[in-house]
Amino acid sequence: MTIKEIQEEIIDEFSMFDDWMQRYEYIIDLGKSLPLIKEEAKTDENLIKGCQSKVWLQGEYTDDKIVFTADSDAILTKGIIAILIRVFSNQKASDILNADMDFIDEIGLKEHLSPTRANGLVSMIKNIKMYALAFNTKK
């Protein structure tokens, strides 16, 4: 699936819920299915700066695509990074760099997060794009 198709799938899933309490529960459930980073990769180098809670992100370049794994010590944050990994993992670096991020506004995520969590979301996206930038130059 393309990034846009995955984003549209997520928008459809979020539209099924009537209120934000249900959406928060869904985000937490998504975090439970997150492809977890290996324990030895939970290093300061993989720690995302700017997040209130601890979030580790690792990207590996395989077969012209980036595969992301992550973990967090907070259940909601784990769900947020799970959404981003679902969108961007197994995608080409150039597609990640050119991806539109409007789906976050369409599902209302940023506006329903505390300011520190919203900053963390921005930091997560920035780190994913930095991986894509680094791997894009290796081609």
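Structural data are supplied above this passage.
So, here is what we can say about the structure in this document. (Residues numbered from 1 in each chain as written. Predicted model: local features only at pLDDT ≥ 70, side-chain atom pairs only at ≥ 80, totals over all residues. Heavy atoms only, no water.)

1. Focus on the pattern of salt bridges
Item 1. In the structure shown here, the tally under the stated rule is seven salt bridges.
Item 2. The partner of K42 in a salt bridge is E39, with the nearest N and O atoms 3.2 Å apart.
Item 3. Note that K92 and D64 form a salt bridge whose closest N and O atoms lie 3.9 Å from each other. Placement of the pair is K92 in the loop between α3 (75-88) and α4 (93-97) and D64 in the loop between β1 (55-62) and β2 (65-72), with a sequence separation of 28 residues.
Item 4. With relative accessibility at 37%, the residue K92 sits in the partly exposed group.
Item 5. By sharing partners, the salt bridges in this structure join E39, K42, D71 and K78 into a single network. (Salt bridge = Lys/Arg side-chain N within 4 Å of Asp/Glu carboxyl O. Helix = DSSP H or I, 4+ residues; strand = E, 2+ residues; numbered from the N terminus. Buried < 20%, exposed > 50% of the residue type's maximum accessible area, 1.4 Å probe, protein only.)

2. A word on α3
Item 1. Its 14 residues give α3 an end-to-end C-alpha distance of 20 Å, which sits within 8% of 20 Å, the value for a rise of 1.5 Å per residue.
Item 2. Counting buried positions along α3 yields eleven of 14 residues, so the element is predominantly enclosed.
Item 3. Three or more residues of α3 are buried, namely L76, T77, G79, I80, I81, A82, I83, L84, I85, V87 and F88.
Item 4. Backbone geometry just after α3 places N90 at a positive phi near 65 degrees. (Expected span 1.5 Å × (residues − 1).)

3. What about the nonpolar core?
Item 1. L57, F68, I81, L84, F88, F103 and L109 are the most contacted members of the largest nonpolar core, which has 43 residues in total.
Item 2. Elements supplying a minimum of two residues to this core: α1 (3-15), α2 (20-32), β1, β2, α3, α4, α5 (102-106) and α6 (115-138).
Item 3. Of all the elements, α3 adds the most residues to this core, at nine residues.
Item 4. Contact partners of L84, with chain neighbours within four places excluded, come to M101, F103, I104, L121, M124, I125 and I128. (Core = buried A, V, L, I, M, F, W, Y, C linked by side-chain atoms within 4.5 Å. Contact = heavy atoms within 4.5 Å.)

4. Remarks on the side chain of S123
Item 1. Tracing the backbone shows S123 in helix α6.
Item 2. According to the relative accessible area criterion, S123 is buried, its value standing at 14%.
Item 3. Apart from the residues lying within four places of it in its own chain, the contact partners of S123 are I48, K49 and G50.

5. Some thoughts on α2
Item 1. Along its 13 residues, α2 runs 19 Å from first to last C-alpha, staying within 8% of the 18 Å computed at 1.5 Å per residue.
Item 2. Turning to α2, the residues buried within the fold contact α1 and α3.
Item 3. Structurally, the start of α2 carries an N-cap: the backbone nitrogen of M21 is 3.0 Å from a side-chain oxygen of D19. (Polar contact = N/O pair within 3.5 Å; in protein donor to acceptor, adjacent residues only side chain to side chain.)

6. Focus on the pairing of β1
Item 1. Here β1 pairs with β2 via eight bridges, running antiparallel. Looking at the pairing, G59 lines up with F68 of β2.
Item 2. Following β1, the chain reverses through two residues before pairing antiparallel with β2; D63 in that reversal takes a positive phi of roughly 50 degrees. (Pairing = 2+ DSSP bridges.)

7. Observations concerning unusual backbone geometry
Item 1. Its identity is not glycine, yet D63 carries a phi of approximately 50 degrees, on the positive side.
Item 2. Summarising the element assignment, D63 is placed in the loop between β1 and β2.
Item 3. Note on D63: relative accessible area 70%, which makes it exposed.
Item 4. Of note, D64 is a non-glycine position whose phi angle comes to about 65 degrees, a positive value.

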